Amino acid sequence: MNGIAITPPMTAQRAGEIAHTLDLRALPPDFYANPYPVYAHLRATEPVKRMPDGSYLLTRYADLVSVYRDAESFSSDKRVEFTPKYGEGAPLLEHHTTSLVFNDPPLHTRVRKLIMGALTRRAIADMEPGLVTLVDGLLDAIEAQGGGDLVEDFASAIPVEIIGNLLGVPHADRTPLRAWSLAILGALEPRLTPEQEALGNRSVNEFSAYLKTLVAERRKRPGDPEHDVLTRLIQGEQAGETLSESELLHNCVFILNAGHETTTNLIANALVALQEWPQEKSGLLSKLKHHREDLRALEADLTLAVDEFLRFESSNQLGNRRARRDCEVGGVALPAGALVTLCIGAANRDPAQFDDPDTLRLDREPNRHLAFGLGIHQCAGLSLARLEGRIAIGRFLQRFPGYRLTANPTRGGRARFRGFLQAPFALA
């Protein structure tokens, strides 16, 4: 590594202590700072761990794959889990049990088909020029002020604009989108404070109220369904893929949320990680310089790098399923109704799947990481996320190869979403 020590080390003894009493609802600060030694201990000693609340935490790659691929045995529907958490009738309950990711077929199938129709290879390729313009504008502003914050001034601004474009949200209306998204996603954490709950419910109501107006306007003046996801969802209704108003609104909220924090984390995590791994940064810079005129080779280099960043510091660390019937995972019998937590962050560092998994290697091949999930719920926007990561990270490095952090970045303090709240930096 031999770079700036941003991720603090953890002794094997401390990792064992945390693993032994692990409760996702009461995690110590050093777990948030560096969960990977704890995950390693669990993979070696309790890969299917019974948690204090009766759920099961899976940390092996093979076990996650088996659950992802078995949608018949494992449900993504969250009503049973979320009703006691949020309360019957709560806006957070309505949203998180209506959105695409937390549903099973047939609703999941209908909505995913409509969204994917606006995320074709051609549609994503058409986004690249606008994305380049957006990123270069952010880099111009950073250069003018001599630095800034990797999260606030760069990483978080990119997906908000891209998703805003997909939904056709007027630029003047985009200011509250990030705050709404953070509040709604923050309510998914295993431990929910009253303040988080109140803010999450208020954010769902405010976002939904805004979208009702936007939907009404789009019905009157439709956009291009090949690029406008909201128009496609609305016109899909006319083609027989009927969505209720609630389904339409909440899946628009989901599209912003799904494409926002994870992509923000990807970009910021990557640029911070390169400060910890200067040899990998140097190697990537050399490739970018060498292939500057060879766009195909440049894209290949950056795609490999983006996938390794996603593996090494998975933006989304945890997923959930519920067993529909009595079944078995990793040699452990699970009863029908059992809640299963899929530890993506642990699986992506499983030495049974990845050689030297705790080392960042930007030329890693093959790299079948699980940052986008797998099976019927694999991330619908994975190609768009890769494009955003490739353009943002690549152009940032080409413009500011000597950037340096000016203070230790501040972690987000979340178990499910791993990223930074702040990462101040200066230009060389």
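Structure: see above.
In short, a report on the structure. Here the structure is a predicted model, which is why all the values come from computation and not from measurement. (Residues numbered from 1 in each chain as written. Predicted model: local features only at pLDDT ≥ 70, side-chain atom pairs only at ≥ 80, totals over all residues. Heavy atoms only, no water.)

### A word on the environment of Tyr403
Counted only if it meets this: For the purposes of this entry, the term helix denotes a DSSP run of H or I that reaches at least four residues, the term strand denotes a run of E that reaches at least two, and both are numbered from the N terminus. Any residue under 20% of the maximum accessible area for its type is buried, any over 50% is exposed, and the rest in between are partly exposed; the area is computed with a 1.4 Å probe on protein chains only. In what follows, a contact means two residues having at least one pair of non-hydrogen atoms within 4.5 Å.
Note that Tyr403 resides in the loop between α18 (382–399) and β9 (404–405). Owing to a relative accessible area of 2%, Tyr403 belongs among the buried residues under this scheme. Sequence separation between Tyr403 and Val135 is 268 residues, and the spatial gap between their C-alpha atoms is 16 Å. Contact partners of Tyr403, with chain neighbours within four places excluded, come to Leu271, Leu274, Gln275, Lys281, Phe396, Leu397, Phe425, Ala426 and Leu427.

### Brief notes about the sheet that holds strand β2 (residues 56–58)
In plain terms, the rule: When DSSP finds at least two bridges between two strands, those strands are taken to pair. For helices, the axis comes from a line fit to the C-alpha atoms of the stretch in contact; other axes are also lines fit to C-alpha atoms, and the angle between any two N-to-C directions lies between 0 and 180 degrees.
The sheet built from 5 strands is open, its strands ordered β1-β2-β8-β5-β3 with mixed pairing. A strand with exactly one partner marks an edge of an open sheet, and here the two such strands are β1 (48–50) and β3 (74–75). The pairing of β1 with β2 spans 3 bridges and is classified as antiparallel. Bridge pairing in β2 places Lys49 opposite Leu57. Set on the sheet, helix α4 (residues 61–68) makes contact with β1, β2, β3, β5 (318–323) and β8 (339–343); between it and β8 the angle comes to about 125°.

### Quick notes on the packing of helix α14 (residues 245–276) against helix α16 (residues 295–312)
Put simply, the rule reads: The cut-offs work like this: below 35 degrees is roughly parallel, past 145 is roughly antiparallel, 65 to 115 is roughly perpendicular, and the gaps in between are oblique. All amino acids are sorted into three groups, where Ala, Val, Leu, Ile, Met, Phe, Trp, Tyr, Cys and Pro are nonpolar, Asp, Glu, Lys and Arg are charged, and the leftover types, Gly among them, are polar.
The geometry of α14 relative to α16 is characterised by a closest axis approach of 10 Å and an angle of 90° between their N-to-C directions. Classified by the angle between their axes, α14 and α16 sit roughly perpendicular to one another. For the pair α14 and α16, the contacting residues are Leu266, Ala270 and Leu274 in the first and Val306, Phe309 and Leu310 in the second. Classifying every residue of the contact of α14 with α16 by side-chain character gives 6 nonpolar, no polar and no charged.

### Thoughts on the pattern of salt bridges
Here is the rule: A pair is scored as a salt bridge if a Lys or Arg side-chain nitrogen falls within 4 Å of a carboxyl oxygen belonging to Asp or Glu.
Overall, the coordinates contain 23 salt bridges when judged by the stated rule. Between Arg324 and Asp104 there is a salt bridge, and its shortest N-O distance comes to 3.2 Å. With Arg324 in the loop between β5 and β6 (327–329) and Asp104 in the loop between α6 (91–96) and α7 (107–116), this residue pair connects regions lying 220 residues apart in the sequence. On the basis of relative accessibility, which here comes to 41%, the residue Arg324 falls in the partly exposed class. For Glu308, the salt bridge is made with Arg311, and the minimal N-O distance between the two is 2.8 Å. One end of the pair is Glu308 and the other is Arg311, both in helix α16 and 3 residues apart, which spans about a single turn. On the accessibility criterion, Arg311 (0% relative accessible area) is buried. Salt bridges here are not isolated pairs; linked through shared partners, they connect Arg14, Glu17 and Asp30.

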